[in-house]
Amino acid sequence: MTNRWSIERVELRRIAMPLVSPFRTSFGVETERDILLVGVELTEPAGSRTSGWGECVALGAPSYSAEYVDGAQHVIVHHLLPQLLAAGPIEAADVGVVLARLHGHPMAKAALEMAVLDAQLRAAGQSFASFLGAERTRIPSGVSVGIHDSTDDLLATVQGYVDDGYVRIKLKIEPGSDIEQVAAVRELIGPATPFQVDANTAYRRTDGAHLARLDEFDMLLIEQPLPEDDIIGHARLADEVETPICLDESLVSAAGTADAIELGACEIANIKPGRVGGYLEAVRIHDLCMSKRVPVWCGGMLETGIGRAANAGLAALPGFTLPGDISASTRFYARDVVTEPITVTDGHVTVPTSPGLGFELDLDVLDAVTTSRIRIDGSGTVTGL
Ligand code: SMG
Ligand code: MG
């Protein structure tokens, strides 16, 4: 894996993926994903060629974090790629190092690193899981359930997922849609089913007593109750509430995660490769959390089969002791862009073993959902396709 590759060509492809049902969180409703895919073609000095794909998890609007898909595409074309092309031959581990001098944009950076990783592993004939040293061949699958207007509708949705075999339920909450809904879901699924909530920053420091009312429902964790920059607030909340506090939006690097853990703000970590600048930083956070005995799980950003395959490889690492948001492709999409969309059997997802990140594109579907394509060659020239 020490080969270094020259970037011959990059393709930026935007796809429109309608969701099978609207997904509502405390920061808004998603009905369709506008996703940026990054394809790379690489060559090495001896002449061999390889190619790979990455998926940028930025949403259409800067709602979950500051990044959004148009901005991600812009920063890739005008800033990240020029920097990467100027660096000469690279391997995946160099991408984050080369791009570190440019601030922010972790999701855009992660997509580039992911494409190079996929290409490089395909050339080596190695699966992502084996590259990472993962030992598990299947991982438990959790599902993320959006905010519903009616509790009856919510219970019908949750029952459907229980019937699908998901081993863990995560419910989105916000002020006004929390305690009663949690009580109703807990009653439906019974005491034994792992259950957690995600507030996507919807509460304030003064909500400690309110959130402590969740303690009686034996939740696995409360995910990101407070704004992303309020680390001290999360630490105080962790003292006020018995249910473990898990950070999502707040964790953007291994160094920041170490601080949050030391401050007592992060009792459990949601690891999302896009949010932290790539899969390699995600692995560093996993290693750190293992050494600190902080349980981790793999989050989701409504990825297609490209991102989900990679997430499944990552989640096979030993520190991922809690079920992740790696649900079946059909949870969000009627048709996926890969030939073997993720499925859930017995509540588990099989970790891909094929070379690369573990997917093959379904080119017919991909073309059908494509809304735009541009190509950038090794000298930085951009052409519309
Ligand atoms: O990918 O299964 C999935 C969705 C998981 O709830 C999920 N993601 O904050 O954890 C989170 C959200 C972020 C995206 S909401 C549009
Ligand atoms: Mg979250």
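Quick notes on the rules
Residues numbered from 1 in each chain as written. Chains lettered and ligands numbered in written order. Predicted model: local features only at pLDDT ≥ 70, side-chain atom pairs only at ≥ 80, totals over all residues. Heavy atoms only, no water. Phe/Tyr/Trp six-rings, centres within 6.5 Å; stacked < 30°, edge-to-face > 60°. Helix = DSSP H or I, 4+ residues; strand = E, 2+ residues; numbered from the N terminus. Buried < 20%, exposed > 50% of the residue type's maximum accessible area, 1.4 Å probe, protein only. Lys NZ or Arg CZ within 6 Å of the ring centre and 35° of its normal. Donors = N, O, S within 2.8 Å, 3.2 Å for Na, K, Ca; no water. Contact = heavy atoms within 4.5 Å.

A. Region of interest: the packing of aromatic side chains. For the structure shown, the criterion picks out six aromatic pairs. Ring geometry for Phe-23 versus Phe-332: centroids 5.4 Å apart, planes at 75°, classification edge-to-face. Note that Phe-23 is positioned in strand E1 (residues 6–25) and Phe-332 in the loop between helix H11 (305–314) and strand E12 (348–350), a separation of 309 residues in sequence. Relative accessible area serves as the criterion here: at 6%, Phe-23 is assigned to the buried category. Accessibility expressed as a relative area gives 5% for Phe-332, which makes it buried. Ring plane angle 85° and centroid distance 5.4 Å describe the contact between Phe-128 and Tyr-279, whose orientation is recorded as edge-to-face. With Phe-128 in helix H4 (residues 128–132) and Tyr-279 in helix H10 (residues 279–291), this pair connects stretches of sequence that are 151 residues apart. Neither Phe-128 nor Tyr-279 differs from the other in exposure class; each is buried. Aromatic rings pair up to connect Phe-23, Phe-332 and Tyr-333 into one cluster. One cation-aromatic arrangement involves Arg-122 over Phe-359; the distance from NZ or CZ to the ring centre is 5.0 Å.

B. Inspection of the coordination of the magnesium ion (ligand 2) at higher detail. Protein-derived ligands of the magnesium ion (ligand 2) are Asp-198 (OD), Glu-223 (OE) and Asp-248 (OD), with the metal-ligand distances lying across 2.0 to 2.3 Å. For the magnesium ion (ligand 2), the donor residues sit on a single chain with the sequence spacing D-x24-E-x24-D. Taken together, the residues span a long stretch of sequence, with Asp-198 in strand E7 (residues 195–198) and Asp-248 in the loop between strand E9 (245–247) and helix H9 (254–262) at a distance of 50 residues.

C. Looking closely at the environment of Val-185. One can find Val-185 in helix H6 (residues 179–189). Residue contacts for Val-185: discarding those within four places in its chain leaves Leu-154, Leu-155, Val-158, Leu-171 and Phe-195.

D. Spotlight on the side chain of Ser-327. Looking at the secondary structure, you find Ser-327 in the loop between H11 and E12. Ser-327 sits in the buried class, given a relative accessible area of 3%. Look past the residues within four positions of Ser-327 in its chain and what remains in contact with it is Ser-141, Gly-142, Val-143, Tyr-166, Arg-308, Phe-332, Ile-342 and Val-344.

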